[in-house]
Amino acid sequence: MKKILLLLLTVSLTFEGCFNYRDLDKALYVTSVIVDTSDENTVEVYAEAFRPFRSNASASGKGERIIFKGKGKTIFEAIRDMNLTSSYKLNYTQNKIIIYTKRAAEKGMDITINFFDRDQEFIFRNYIVVLLGDPKQLLNLDIKEEEYLGVFVYNLIDNLGASSRAVKLSMNDFIVKSYQKVDTVITAISVRSDVSDKKVEINGGAVISNYKLIDIMTKMEGEGYNFLIDNIKTGTLEVPNPDAPNNFSTLEILNSSTTTKLYKDGDKYILKKKIKVKTSIAGAQIGLSFDKKTIKKIEQTAEVNITKACNLVYNDYKKKNVDIFAIGLSYERLFNKSEPKNIISNTDLEMDVKVDIEGSSNIKNFK
Amino acid sequence: MNEEYIEFIKNTLKGNVDFKQRTIKCSRGIINLFFIDNLCDSKFISEYVIDGFLQNYYIESEINYIKEKVLIGNSIGDVKNKEDALLHILSGDVVIVFDFIQQIIFSEAKGYVRRGIGLPITETVIKGPREGFTEAFVDNISLIRRKIKNQNLKFESMSVGTETNTMVVLAYIQGNAPESLIDRIKSEIKNNNLNYILDINYLEEKLKSKNSYFDTIGYTEKPDIAAAKLLEGRVAIIVDGTPMVITAPYFFVENFQMPDDYYVNKYYANSTRIIRMFSFIISLLASGFYVAIETHHVSLIPTNFMFRLAISRAGVPIPIVVEVLLMSFFFVVLREAGIRLPQPIGQAMSIVGALVLGDAAVGAGLASQSTLVVVAISSICSFLTPKIYGGIAFWTAVIAIFSALIGLVGFYMGVFIFLAHLSSLNSCGYPYLFPILDKSHIDFKDVIIRRNLDEISNSIFHKEGKI
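Because the structure is predicted, anything quoted here is derived from the model rather than measured.

### Digging into the packing of helix H4 (residues 110-118) of chain A against helix H7 (residues 171-179) of chain A
Pairs of packed helices are described in terms of their axes, by the angle between the two and the distance that separates them.
Residue and element names in this part refer to chain A.
Thinking step 1. One can describe the packing of H4 onto H7 by two numbers: an axis separation of 11 Å at closest approach and a directional angle of 120°. As summarised for this structure, H4 and H7 are arranged oblique, according to the angle between their axes. Crossing geometry of H4 relative to H7 is assigned as left-handed. Across from Ile-113, Asn-114, Phe-116 and Asp-117 in H4, the residues of H7 making contact are Met-171, Phe-174, Ile-175 and Tyr-179.
Thinking step 2. Taken together, the residues that form the contact of H4 with H7 break down as 6 nonpolar, 1 polar and 1 charged.

Shown next, in the form of structure tokens:
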């Protein structure tokens, strides 16, 4: 026992491990990091940080939002550059979001992404997004809902269940897919002017191929893409009202699952997507007669709409030869050999969509 | 020879204000009575000792005649030697020395002032017996005997302490208690080098594991609990002058058992017992976990909560671990002050102290609200298991220090060392951490939850464990 105790004490006093003692209030906590690039080809980093301090006037603790900017040849140098202007060390363990400007993403994320992967303080459960706009405008926004931009955008993406059109990808998924050399779609955000003030909105997806932004996916394409990659939790489907053809009835998606099958058919590959969607009628313009025939018709129309949306996005990216549906990865897993070049251009999509409308009382929660 | 006795007693006890010698002249000669004034019942001595000699005009110079015809006290015996004579006098007996009979006898005449049987202050119950032990060991024996009318219930007395000659009584039920346990305890009591015993703890320290904050010997001031322990096959020790009775063996889980667990609704008793266990875990681990998370693993705290914690700690000049230890220290100080002061002042002092000190510390920026909350919860939880309060306070600090050194890894190390320490303890040869360790000799079923009384009201020792 004494030997074990001695060993434990020796270990605890000599090896500090990955972590160091630092009091909670003796650091500045970064909530979002914006990566930009300059015309001189240097990396520019903006960080929004939270600083706890004790107000001498009211003799109580307070929190303060501080923006830092750093510049350097590499992202690490830029981050260290930011520390030159901060009294305490910038701590990234609470970072919620990594934002790449469109310019930085187009230039290539591979020169900076490695740092986020390697650094011990950056956690993988946060999100990565592309900003379509000016980073300074984003940082200067006065967001009413949340004091910190990082927390707000994180919650915004987390809340995506409300829309089937928005795309979301965590940092972890992005890193994994990048290493698998799979083209990915990450969330795109922009600043939009609303009735009274400016707000951050999710604006479709940014298509990343080989660490470079190559395209922007529209919100309309987002729904079809989400159905194809089985990323729909909830959302809405608008279909024409069978009782009033110029009006719509809305289906709320309760649950959706997509199963994927890839097989060879002659010289071609077939990507078969079987989509099952459980929905409930959320509302109908003018009114709706709830007979079996009408329900059946709505279901069929919804199925056609989903098929159309999926085909639209698939054919678009097939034409661009960008494999955002991970067909190559499915091929490698299935056939246990390297994917043929440009596999998406030689693959046809086959859809089997089934929409079920359930009683409206089945809605259980918001998400 | 008897002159020698008289001289010896008088010389040894001279100068004592309470030492009395009464000389009576009877038809046969002179009789000397020696006794301690306040230890004896003076009415008893007058009526049943002195009166016997004075009323009998004819007294034979034969000791048996005196024992049978003259003295009518209930307990009369022979004095073996001079030391024995002194011991009897100091124990409240009257020693009778004749100048016409060689033998020296004593008559029991104990009659000192005793405290009445009162409520057991440290073991209050909502439902169940309310009587508690007193300082008089004879009362304590009778309290137990009243509950167990069994011919196998034995009370073996021993005189311990070379200077105090304190009466120590070993109680057990023959057939239920293992012989090895009885022998072990007897030998521990006999082979001590104590000069005096003023409290049960003098013996407790001899019996329990050394170098630990945890008591591996149980104690109670309730006769019903002592009786229950005896019926389970354990051994009880009663010491004259102490309103507590110690029981052995004693297991760690018994710290979570309260007197009325067996007298109230089973489900209610079990739920409160589980609450006590949770409270123990919280009180032991909360501070260490708080230190580890706040200093090394900030990323594990949800962001908004982390902001609140950081704001509450902003401006505190001392490190979190020192803050936690300091606040814990103040809570211990307040608790001590509350106990030592007279009850009405003590209560007010504790409440005012906690409120004022806490608020002032936060206001002055010396402590954060979150630390105060954690330390307060930890301290309050420890009050649910008062018998291990000391152990909790010590190990909480140890775990907090380990957590400060290397975060959660240190926290787990602290917990491991704590468990290793507990498992190294034994209670009179039986594993203290039962039922986690060796169960071969023990059949103790009343561990986590209280089962039906008919299932647990048995001896806790296996047959083989009794040898």
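### Re the sheet that holds strand S13 (residues 347-358) of chain A
Residue and element names in this part refer to chain A.
Thinking step 1. Read from one edge of the open sheet, 4 strands run S10-S11-S12-S13, paired in mixed fashion. Either end of the sheet is taken by a strand with one partner, and the two such strands are strand S10 (235-241) and S13. Across this sheet, the average inter-strand angle for adjacent strands is 35°, counted without regard to direction.
Thinking step 2. Two strands pair when backbone bridges link them, and S10 and strand S11 (residues 244-265) are joined in this way by 7 bridges, in the antiparallel orientation. Looking across to S11, one finds that Pro-240 is bridged to Phe-248.
Thinking step 3. Each of S10, S11, strand S12 (268-284) and S13 touches helix H8 (residues 219-228); the most contacted strand, S11, lies at about 45° to it.
Thinking step 4. The strands touched by helix H10 (residues 327-335) within the sheet are S11, S12 and S13, with S11 carrying the most contacts at an inclination of about 40°.

### Focus on helix H9 (residues 266-295) of chain B
All names here are of chain B.
Thinking step 1. Over its 30 residues, H9 extends 43 Å from the first C-alpha to the last, a length consistent with the 44 Å expected when each residue adds 1.5 Å.
Thinking step 2. The axis of H9 is deflected most strongly, by about 40°, at Leu-285.
Thinking step 3. N-cap assignment for H9: the residue whose side-chain oxygen lies 2.8 Å from the backbone N of Tyr-267 is Asn-265.

### Comments concerning the environment of A:Asp265
Residues and elements named next belong to chain A.
Thinking step 1. Mapped onto the elements, Asp-265 comes out in strand S11.
Thinking step 2. Given a relative accessible area of 48%, Asp-265 falls into the partly exposed group.
Thinking step 3. With 83 residues separating them in the primary sequence, Asp-265 and Asp-348 have C-alpha atoms 9.8 Å apart.

### Looking at the interface of chain A and chain B
Thinking step 1. Counting residues at the interface gives 34 residues for chain A and 36 residues for chain B.
Thinking step 2. Of the roughly 2,800 Å² buried between chain A and chain B, counting both surfaces, carbon and sulfur atoms make up 69%.
Thinking step 3. When the buried area of chain A at its contact with chain B is split by residue, A:Tyr21, A:Leu24 and A:Arg54 rank highest and sum to 25% of it.
Thinking step 4. Taken together, chain A and chain B are joined by 2 salt bridges.
Thinking step 5. As a salt-bridge pair, B:Arg313 and A:Asp25 come within 2.9 Å of each other at their nearest N and O atoms.

Rules used in this analysis
Residues numbered from 1 in each chain as written. Chains lettered and ligands numbered in written order. Predicted model: local features only at pLDDT ≥ 70, side-chain atom pairs only at ≥ 80, totals over all residues. Heavy atoms only, no water. Axes fitted to C-alpha atoms, helices over the stretch in contact; angles between N-to-C directions. Helix = DSSP H or I, 4+ residues; strand = E, 2+ residues; numbered from the N terminus. Parallel < 35°, antiparallel > 145°, perpendicular 65-115°, else oblique. Left-handed = near helix turned anticlockwise from the far one by under 90°. Contact = heavy atoms within 4.5 Å. Nonpolar A, V, L, I, M, F, W, Y, C, P; charged D, E, K, R; others polar. Pairing = 2+ DSSP bridges. Expected span 1.5 Å × (residues − 1). Bend = angle between axes of the 7 residues up to and from the residue. Polar contact = N/O pair within 3.5 Å; in protein donor to acceptor, adjacent residues only side chain to side chain. Buried < 20%, exposed > 50% of the residue type's maximum accessible area, 1.4 Å probe, protein only. Buried area = accessible area lost by both parts, 1.4 Å probe. Salt bridge = Lys/Arg side-chain N within 4 Å of Asp/Glu carboxyl O.

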